[in-house]
Amino acid sequence: LPKMNQANPSSGRALPEPELTISELAQGYGAAAGHFDEVRGGVAGGSGPPENASDLEAHQRLNTWAWDEFFATLATDTAPDMDQRAVSLARQVRDNGITYNVYADENGPQRPWALDLFPLIVDSQDWQHIEAGVLQRVRLLEHVMADVYGAQTLLVSGHLPPALVHGHPGYLRGMHGVVPFGGRYLHIAAFDLARGPDGNWWVVGQRTQAPSGLGYLLENRLAISSQFPQAFQALRVQRLASTYRALMDSLRAMSPMGQDAHLALLTPGPYNETYFEHAYLARYLGLTLVEGSDLLVRDERVYLKTLKGLVPVHGLLKRVDDQYMDPLELRPDSTLGVPGLLQAMRAGNVLVANSPGSAFLESPALLGFLPALSRQVFDEDLSLPALPTWWCGEHSAMMDALTRLPDCAIKPTYPGSPSHGSFDAVLGARLDARRLDEWAGRIVRQPEEHTVQAYTPLSQMPTWQTASAADSGSHLLARSVMLRVFAISDGAQGWRVLPGGLARVASAGQEMTSMQRGGSSADVWALTQGEVDHSTLLQPHLTPESLMQRKRLVTSRAAENLFWLGRYTERTENALRLARLTLECLHGEEQSSAPLLAWLSQMALANTLVLPVVPTALQAPRVFERSLIDGLGSVSGAT
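Residues numbered from 1 in each chain as written. Predicted model: local features only at pLDDT ≥ 70, side-chain atom pairs only at ≥ 80, totals over all residues. Heavy atoms only, no water.

A short note on unusual backbone geometry
Most peptide bonds are trans, and most residues other than glycine sit at a negative phi. Where we set the bar: Each helix is a run of DSSP H or I of at least 4 residues and each strand a run of E of at least 2, with the numbering of both proceeding from the N terminus. Only protein chains enter the area calculation, which uses a 1.4 Å probe; residues under 20% of their type maximum are buried, those over 50% are exposed, and those in between are partly exposed.
Cis geometry marks the peptide bond from Ala 353 to Asn 354, where omega comes out at -5 degrees. Relative to the helices and strands, Asn 354 is located in the loop between strand E16 (351–353) and helix H13 (370–377). We note that Gln 152 has phi near 60 degrees; this positive angle belongs to a residue other than glycine. Mapped onto the elements of the fold, Gln 152 is located in the loop between helix H5 (124–148) and helix H6 (153–157). Even without glycine at this site, Asp 379 takes up a positive phi of about 55 degrees. Among the structural elements, Asp 379 can be located in the loop between H13 and strand E17 (389–391). Here Asp 379 falls in the exposed class, since its relative accessible area comes to 68%.

Quick word on the environment of Leu 632
The criterion, for reference: In this description, contact between two residues means that some pair of their heavy atoms is separated by no more than 4.5 Å.
Checked against the element boundaries, Leu 632 lands in helix H19 (residues 621–632). Among the residues examined, Leu 632 registers a relative accessible area of 41% and is labelled partly exposed. Ignoring anything within four residues of it in the chain, the contact list for Leu 632 reads Leu 576, Ala 579 and Leu 609.

Considering the pairing of strand E12 (residues 295–298)
Keep this limit in mind: For two strands to pair, DSSP has to find at least two bridges joining them.
Relative to strand E13 (residues 301–306), E12 runs antiparallel, the two sharing four bridges. Looking at the pairing, Arg 298 lines up with Arg 301 of E13. Hairpin geometry of E12 and E13 is characterised by an intervening segment of two residues between the two adjacent antiparallel strands and by a positive phi of about 50 degrees at Asp 299.

Quick word on the packing of aromatic side chains
Going by this rule: Centres within 6.5 Å are what make two rings of Phe, Tyr or Trp a pair, Trp counting through its six-membered ring; a difference in plane orientation under 30 degrees is then read as stacked, over 60 as edge-to-face, and the rest as tilted.
All chains considered together, the criterion is met by 20 aromatic pairs. Ring plane angle 85 degrees and centroid distance 6.4 Å describe the contact between Phe 71 and Phe 118, whose orientation is recorded as edge-to-face. Taken together, the positions of Phe 71 in helix H3 (residues 65–72) and Phe 118 in the loop between strand E6 (110–112) and strand E7 (120–122) put the pair 47 residues apart, joining distant regions of the chain. As far as burial versus exposure is concerned, Phe 71 and Phe 118 are alike and both buried. In this structure an aromatic cluster arises from ring pairing among Trp 67, Phe 70, Phe 71, Phe 118, Phe 228, Phe 232 and Trp 525.

Side note on the pattern of salt bridges
Any two side chains of opposite charge can pair, on the condition that their charged atoms come close. Note the following rule: One speaks of a salt bridge when a side-chain nitrogen belonging to Lys or Arg is within 4 Å of a carboxyl oxygen belonging to Asp or Glu.
Across all of its chains, the model carries 21 salt bridges by this definition. Here Arg 484 makes a salt bridge to Asp 192, at a shortest N to O gap of 2.8 Å. Separated by 292 residues along the polypeptide, Arg 484 in strand E22 (residues 475–489) and Asp 192 in strand E8 (residues 188–195) bring together distant segments of the chain. Exposure class is identical for Arg 484 and Asp 192. Each is buried. We note a salt bridge from Asp 333 to Arg 331, for which the minimum N-O separation is 2.8 Å. Judged by relative accessible area, Arg 331 falls into the partly exposed class, the value being 27%. Within the structure, one salt-bridge network assembled from shared partners comprises Glu 38, Asp 126 and Arg 195.

Regarding the sheet that holds strand E19 (residues 426–427)
Note the cut-off: Axis definition: a line fitted to C-alpha atoms, over the contacting stretch in the case of helices. Angles run 0 to 180 degrees between N-to-C directions.
Reading across from one edge, E17-E20-E18-E19 is the order of the four strands in this open sheet, with antiparallel pairing throughout. The sheet terminates laterally at E17 and E19, the two strands that pair on one side only. Relative to strand E20 (residues 450–454), strand E18 (residues 408–412) is paired through five bridges, and the arrangement is antiparallel. For Cys 408, the partnering residue across the bridge sits in E20 and is Ala 454. The strands that helix H15 (residues 433–445) touches are E18, E19 and E20; relative to E20, the one it contacts most, it runs at about 125 degrees.

Structure, rendered in structure tokens:
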């Protein structure tokens, strides 16, 4: 209920206190102590909002110009207005069917995609720094990948420990000496960044096998930009479409058939956690969405099984981890890959992005060697540093890391590996003395399987929290955030960085950003001082003529599934018609017709609407009726 202020002199009644605007609510917002505040542009020194007027005025002046501009476009919006935006956003996510599959959820794997209302705003100066650093790092990873599967000079010289590469289960010996068609090993690389209390961005991890997020961030952009169109226009947010177009042009140019290449997106299937993204990306980029069973290899060439026969496939954008790609040479129990795919790659008949064998690049231990590798390969220092990292497989690094455990994170060197002791990362600050000693003992016994990385408090951004039973009202809440940035192939020699990214927001009171553990996401607005690119890949309004011109390949698997869907739908419809006819006869004039009731009983039994032990409609009509209804399923409120 609105608060009441002084009485109205004419009526003698108290007037409702006006609702605070978002700009006024933002004045009392503040990040937790020790965290970089994305709104204020500096490290938070207190644990909450300012306590007096002078502190409040100084606190407000610390706002960055971008957030001031963002809140200025919401000058007249109040908390109820923001609640309405939040409801509209949730409805849009639900109506668009955006889901994220949670493996640990016992109540069902699918849940709606979690998206916060406010975007993470990165100003043009910060973005230029991130862009330059990511471009430098992805060039280095491409060089390392080419060297490891080629001359291996970095291994021979000792700049890269052979045990860290050859001992990694993601290193594929069968791909050594194989140069991918087009000469490019990596086409997409993702870098997880964290902003420390000093305001600097740090690399925390990197993904090269099948980095996720490119589809979800598109949906985030469409949803959030429609909620704040004035702010999106006023802040000069750079668009995304041209980078996706560059990726497709690059894949076609480097594939065996050039611009006439048939490209497909290889997905593990609908039970994968990010399957929605696979389907969305395939539709957005104009790719054929395929599973491993849709493809086959003949004469070292890849074909798609369709109703019209075999159709050649010249390029695959894979979303399947490397170990599942080819059951003939990798995991023999895999049903997600394509038998013979690696041989087709060796023959140069198909382009696979990214090339299988890049899993060792994802090891957190590699981050500690990249600065020296950059000086050795490019004679330059990395402009975007990673958090200090120690691979305990080196004795001197292990001894140094053991003294730093209380202030660091302990991570597996080979995450997700079935042949190594993989485990969930833990923060030393959350361990007591006994557990720290236990982890130190584990590291000493198996040093090569442990990597220690310095910890920094994540920066915090504002999120909108609607009112609940435990809250006094809707408000702004600071939550920790991590940024995932994508480097995209732009031709045989070039790279570009997607202007934006996927922000992963931690749960309230948590420091670990994990979508599997209840975290959420946020759109990322990368601002520019230059020209805003307004190109788009979204399909225009379809007309009958455009629908006739579009070519849609129907795979054999999809056609078979549609056939059986039709058969079972028809069977279900017939069963329901029979059940309805039977119930009407039991309550109509035909209930005295013994031959009809006997025939209906036989048909219900034949169609498994009742069990064989149930009396017939002639013997016990009411028992038969209740069994028939129970067979159709429970009906709430039935009388």
